Amino acid sequence: MIININRQSLVEPLKNIIGVSEQNQTMPILGHVLMEIRDGVCFLTATDLEVQVSFSYDIGVSENIRITVPARKFTDILRSLEAEDVSLEVTPKDIVIKSGKSKFRVSALNPDDFPIITDDISDCMKIDSEALLKLVNSTSFSMGYQDARHFLNGLFIEFSQNNITAVATDGHRLACSLRACELSIAEKTCIVPRKCINELKRILSSFNDISEILTEVSVSSKNIQFRMHGYTLLSKLVEGNYPDYNKVFPKSLPNNLKVDRLLLKSALQRLSILSSEQFKGVKFKLTNGLLNLSTINSQQESGDEIIECDYDGDELEIGFNLSYLLETLDVIDTQHIVIHLGGSDSGCLVTADGDESSKYIIMPMRV
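Just so you know, the residues in each chain are numbered from 1, in the order the chain's sequence is written. In keeping with the predicted nature of the model, local features appear solely for residues at pLDDT of at least 70, side-chain atom pairs appear and are counted solely at 80 or more, and the whole-chain, interface and lining totals rest on all residues. Water and hydrogen atoms play no part in the side-chain values, which are based on all heavy atoms of the structure.

Student: Mind laying out the sheet that holds strand β2 (residues 32-38), listing which residues take part and the relevant values?
Tutor: Two modes of strand pairing occur in sheets, parallel and antiparallel, and in both the strands are linked by backbone hydrogen bonds. The 8 strands are arranged β5-β2-β3-β4-β16-β15-β14-β9 in an open sheet whose pairing can be described as antiparallel. Edge positions in the open sheet fall to β5 (65-70) and β9 (125-128), since each of these has one partner strand only. Across the sheet, the axes of successive neighbouring strands diverge by a mean angle of 20 degrees, strand direction being ignored. When DSSP finds two or more bridges between a pair of strands, those strands are recorded as paired. For helices the rule is a DSSP run of H or I covering at least 4 residues; for strands it is a run of E covering at least 2, with both sets numbered from the N terminus onward. Here 5 bridges tie β2 to strand β3 (residues 41-47), and the two strands are oriented antiparallel to one another. Note that in β3 the partner of R38 across the bridge is V41. Contacts from helix α2 (residues 71-80) reach β2 and β5, with the element oriented near 90 degrees to β5. Note on method: axes are straight lines fitted to C-alpha atoms, helices fitted across the in-contact stretch only, with angles between N-to-C directions ranging 0 to 180 degrees. Any two residues having at least one pair of non-hydrogen atoms within 4.5 Å are treated as being in contact.

Below is the structure:
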């Protein structure tokens, strides 16, 4: 069976879904994309048994086709072709890709062996996609990575009728962000795994007109589903109870440091040149109106920076992880930030100046 198709109409969605497919696995079918054409609609699906991404769009082809193709090879071949018009010759065992003077044959596997995650999720919330992307971007960098406490390896999301709250922590830092949103559901909470969050960011970031797109979110006891602009992202949830993040926020932080975000970021980036995998510390020394930043590495190489600031607290010396500070500054977009400090052995609270909808806790370290 031969079908003619526009190359770009396949390349764009494939780029957003093949991140899920596994190249090195015990089940070869997981390295493939399921391609189905029925009733004039093309469906592309990739999965790793935990996260599943699919895309559907009108293709204007009357034939019904069901085949699996190697995800990376198929995508790379299509991306490398120069002509936009592509013909696909489909057989049960392979698919032949022709375009101009180019011809490729790639093997296929039995589509009946392709595993599909299904869940009958009824409740649906419609959320502004731009707000959802900002919420995820402002918190997900603090998720745990391969932590033995598996519930930290994901993003905790709390849905209520008036807002959505996202929280991430790896035990050394915490990011919490809240977005106002009118939802017609009862309160729900879930822990979304890291891979699902990464795929969600990839898809949402690919939209040119994201401000005009709504994302439909559905949550069941075991799964979460996102539907937006032809894409459906379905993922299993992380089991377990997320720690009470409200207890992490200190009750009293009397020392307040207000500083230009870009000045601080530039200074930290220069100091990070001396950092290594083993040591990423920076010391804050605060006096009236001045912030002295210093670092020293295992080769006894050192760096110092002095920044003018607005500080109304006691003289203080405290050390922090350079990378944690830089990642936090990257997701704040105001000109100034406020760093609320206690003593030299307590964590700091970072917020945007005049906006506390996002809060960041960074624990101190010895420098």
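Student: Before we move on, can you summarise the pairing of strand β25 (residues 355-362) with the specific residues and values?
Tutor: Judged from the 5 bridges that link them, strand β12 (residues 173-180) and β25 form a sheet pairing that is antiparallel. When the sheet's bridge partners are listed, S177 is paired in β25 with S358. Here strand β24 (residues 348-352) runs beside β25; their pairing, made up of 4 bridges, is antiparallel. The partner of V350 across the bridge, within β25, is Y360. Connecting β24 to the antiparallel partner β25 that follows it, the hairpin turn spans 2 residues, and G354 within it adopts a positive phi of roughly 85 degrees.

Student: Mind laying out the packing of helix α1 (residues 7-17) against α2, listing which residues take part and the relevant values?
Tutor: Packing of α1 against α2 leaves a shortest axis separation of 9 Å and a crossing angle of 135 degrees. With respect to each other, α1 and α2 are oriented oblique. Crossing of α1 over α2 shows left-handed handedness. Between α1 and α2, the residues in contact are R7, L10, V11, L14 and K15 and F74, T75, L78 and R79, respectively. Tallied by class, the residues present in the contact of α1 with α2 amount to 5 nonpolar, 1 polar and 3 charged. Angles below 35 degrees are treated as roughly parallel, those above 145 as roughly antiparallel, those between 65 and 115 as roughly perpendicular, and all remaining angles as oblique. Each crossing gets its hand from how the near helix is turned against the far one by less than a right angle, where anticlockwise is left-handed and clockwise is right-handed. Under this grouping Gly is polar, as are all residues other than the nonpolar Ala, Val, Leu, Ile, Met, Phe, Trp, Tyr, Cys and Pro and the charged Asp, Glu, Lys and Arg.

Student: Run through the pattern of salt bridges, naming residues and quoting values.
Tutor: Criterion for a salt bridge: a side-chain nitrogen of Lys or Arg within 4 Å of a carboxyl oxygen of Asp or Glu. All told, the structure shown has 17 salt bridges when counted by the stated rule. Between E36 and R38 there is a salt bridge, and its shortest N-O distance comes to 3.4 Å. Overall, the relative accessible area of 37% leaves R38 in the partly exposed class. R173 is the partner of D170 in a salt bridge, and the nearest nitrogen-oxygen pair spans 3.2 Å. As far as burial versus exposure is concerned, D170 and R173 are alike and both buried. Here the salt bridges do not stand alone but share partners, grouping E36, R38, R66 and D112 into one network. Three labels apply to residues, based on accessible area from a 1.4 Å probe with only protein chains included: buried if under 20% of the type maximum, exposed if over 50%, partly exposed otherwise in between.

Student: If you had to explain α2 to someone new, which residues and values would you point to?
Tutor: Note on helix geometry: an α-helix contains 3.6 residues per turn, so any two residues three or four positions apart are oriented the same way. If you check which residues of α2 are buried, you get A71, F74, T75, I77 and L78. Summarising the axial view, the buried residues of α2 lie within an arc of 160 degrees, below the 170-degree limit, and thus occupy one face. Buried residues belonging to α2 abut α1, β2, β5, β6 (85-90), β7 (94-99) and β8 (102-107). To be clear, the arc concerns the directions from the helix axis to the C-beta atoms.

Student: Describe the packing of aromatic side chains, naming the residues involved and giving the relevant values.
Tutor: Where two aromatic rings form a pair, the distance of their centres and the angle of their planes describe that pair. For this analysis, a ring pair means two rings from Phe, Tyr or Trp (six-membered ring only for Trp) whose centres lie within 6.5 Å, classed as stacked if their planes differ by under 30 degrees, edge-to-face if by over 60, and tilted for the remaining angles. The final tally for this structure, using the stated rule, is 7 aromatic pairs. Seen in terms of ring centroids, F55 and Y231 are 4.5 Å apart; in terms of plane orientation they differ by 45 degrees. Their pairing is tilted. Within this pair, whereas F55 is found in strand β4 (residues 51-58), its partner Y231 is found in strand β16 (residues 231-236), the two being separated by 176 residues in sequence. Taken as a pair, F55 and Y231 share a single burial class, namely buried. Residues F156 and Y245 carry aromatic rings whose centres are separated by 6.2 Å and whose planes lie at 55 degrees to one another, so their mutual orientation is tilted. Here F156, found in strand β10 (residues 154-159), pairs with Y245, found in the loop between β16 and β17 (255-260); they are 89 residues apart in sequence, far enough to count as distant. Looking at F156, the relative accessible area reads 10%, which means it is buried. Using a relative accessible area of 10% as the deciding quantity, one classes Y245 as buried. Each member of the aromatic cluster is reached from another via a ring pair, and the members are F55, Y57, F207 and Y231. Whether a charge sits over a ring depends on NZ of Lys or CZ of Arg being within 6 Å of the ring centre and within 35 degrees of the ring normal. Over the ring of F43 we find R38, and its NZ or CZ is 4.1 Å from the ring centre.

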